[in-house]
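# An overview of the molecular structure
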Amino acid sequence: MKRLALYFVGLVCILCNCTAQTVSPSAAKDNSQQNRNKQLQQNVKGQKSTPTYSIISVENTYKLRWTGKAFTGLHKDKANTWLIKAVVKGLDAKWLKHPFSITTKDVWLLKDSLQKDVVAIVALESAEAGWSFPVINKEYFMIEECEAPLYAVPYFINGRVYIICLTPSFQIKGDEIYPTIDRKELQEKVLMPLTQSFK
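Computed from a predicted structure; not experimentally measured.

### So, the nonpolar core
If you look at the biggest cluster of nonpolar residues, it comprises 29 residues, and the most contacted ones within it are Trp 95, Phe 100, Ile 102, Leu 124, Ile 143 and Ile 163. Taken together, the elements giving at least two residues each to this core come down to β1 (53-66), α3 (81-92), β3 (100-111), β4 (115-126) and β7 (160-166). Examining the composition of this core, we find that six residues originate from one element, α3, more than from any other. Leaving out residues up to four positions away in the same chain, Ile 102 has contacts with Tyr 62, Lys 63, Leu 64, Arg 65, Trp 66, Phe 71, Ile 84, Val 122, Ala 123 and Leu 124. By size, the runner-up hydrophobic cluster in this structure holds 20 residues, among which are Val 153, Ile 157, Leu 186 and Leu 191.

Quick look at the structure:
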């Protein structure tokens, strides 16, 4: 479990431009460019355009609260609070004025029956009477503070917000590069089997 935690912390440090980063920005750019090139080459060679997923294991479940000003709770020093704030800002920064409960999970997936991949799932639930998260019509968005492409895929289910954070595959359409994100596949194969465990 410690190895998974170290892997996830290392992955976040390589992918994200945060002040605690120990990898030089040029090295992170080189790694992210190499990974992006590998993914593009795989897609050009005829790989399936949308990936399939199956859950291998769930690790590191953390529960904490946002008070409207700061994080509290037993896991406030263990959970990736930077990622939580980044995805909330990506949806609507005004939400940070309200208190809410948070559960995060690190989930190991098997992607396309070949490659192991880790994603983070962040679940938010309002802790303020009379206020709930307004539904926002975003299929996915890139987390801005990251140097490498880390995407957030939000779902609004029964008053809760679930956000799957992942580094997707990419495909080329004409002169443009697009992330290959299948919301339905992620919801059915990753999120729905785990929704009961967030309660």
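So that's the structure; there's more coming.
### Quick notes on the sheet that holds strand β2 (residues 71-72)
Strand order in the open sheet formed by seven strands is β2-β1-β3-β4-β7-β6-β5, with antiparallel pairing between adjacent strands. Lying at the two open borders of the sheet, with one neighbouring strand each, are β2 and β5 (141-142). In the packing of helix α4 (residues 183-191) onto the sheet, the strands contacted are β1, β3, β4, β6 (151-157) and β7, and the crossing angle to β6 comes to about 70°.

### Things to note about the environment of Gly 73
Relative to the helices and strands, Gly 73 is located in the loop between β2 and α3. Gly 73 sits 29 residues away from Ile 102 along the chain, and the two C-alpha atoms are 9.9 Å apart.

### Here we look at unusual backbone geometry
Phi at Asn 60 is positive, roughly 45°, even though this residue is not glycine. Position of Asn 60 relative to the elements: it lies in strand β1. Residue Asn 60 is classed as buried on the basis of its relative accessible area of 11%. Positive phi values are uncommon outside glycine, yet Ser 113 reaches one of about 60°. The residue Ser 113 is located in the loop between β3 and β4 in this model. Exposure remark for Ser 113: the relative accessible area of 60% places this residue in the exposed category.

### A short note on α4
Turning to α4, its buried residues are Glu 185, Leu 186, Val 190 and Leu 191. Down the axis of α4, the sector holding all buried residues measures 155°, keeping them to one side. Here the buried face of α4 lies against β1, β3, β4, β6 and β7. A distance of 3.2 Å separates the backbone nitrogen of Lys 184 from a side-chain oxygen at the start of α4, and that oxygen is part of Asp 182.

Rules and cut-offs
Each chain has its residues counted from 1, following the order in which its sequence is written. Note on the predicted model: pLDDT of at least 70 is required for a residue's local features to be given, and 80 or more for side-chain atom pairs to be given and counted; whole-chain, interface and lining totals, by contrast, use all residues. Values shown for side chains rest on all heavy atoms present in the structure; no hydrogens or waters enter the calculation. We call a set of buried Ala, Val, Leu, Ile, Met, Phe, Trp, Tyr and Cys residues a nonpolar core when their side-chain atoms join them within 4.5 Å. With a 1.4 Å probe rolled over the protein chains alone, any residue whose accessible area is under 20% of its type maximum counts as buried; one over 50% counts as exposed, and the rest are partly exposed. Numbering of helices and strands runs from the N terminus, with a helix taken as a DSSP run of H or I at least four residues long and a strand as a DSSP run of E at least two residues long. The contact rule is simple, with two residues in contact once any of their heavy atoms fall within 4.5 Å. DSSP calls a pair of strands paired once it identifies at least 2 bridges connecting them. Orientation is described by lines fitted to C-alpha atoms, with helices fitted over the stretch in contact, and by angles between N-to-C directions that extend from 0 to 180 degrees. Directions pointing from the helix axis toward each C-beta atom define the arc. Throughout this description, a polar contact denotes any pair of N or O atoms lying within 3.5 Å of each other; where both atoms belong to protein, one of them has to be capable of donating a hydrogen while the other can accept it, and for residues adjacent in sequence the pair is counted only when both atoms sit in side chains.

By themselves, these observations are geometric and do not establish any function.
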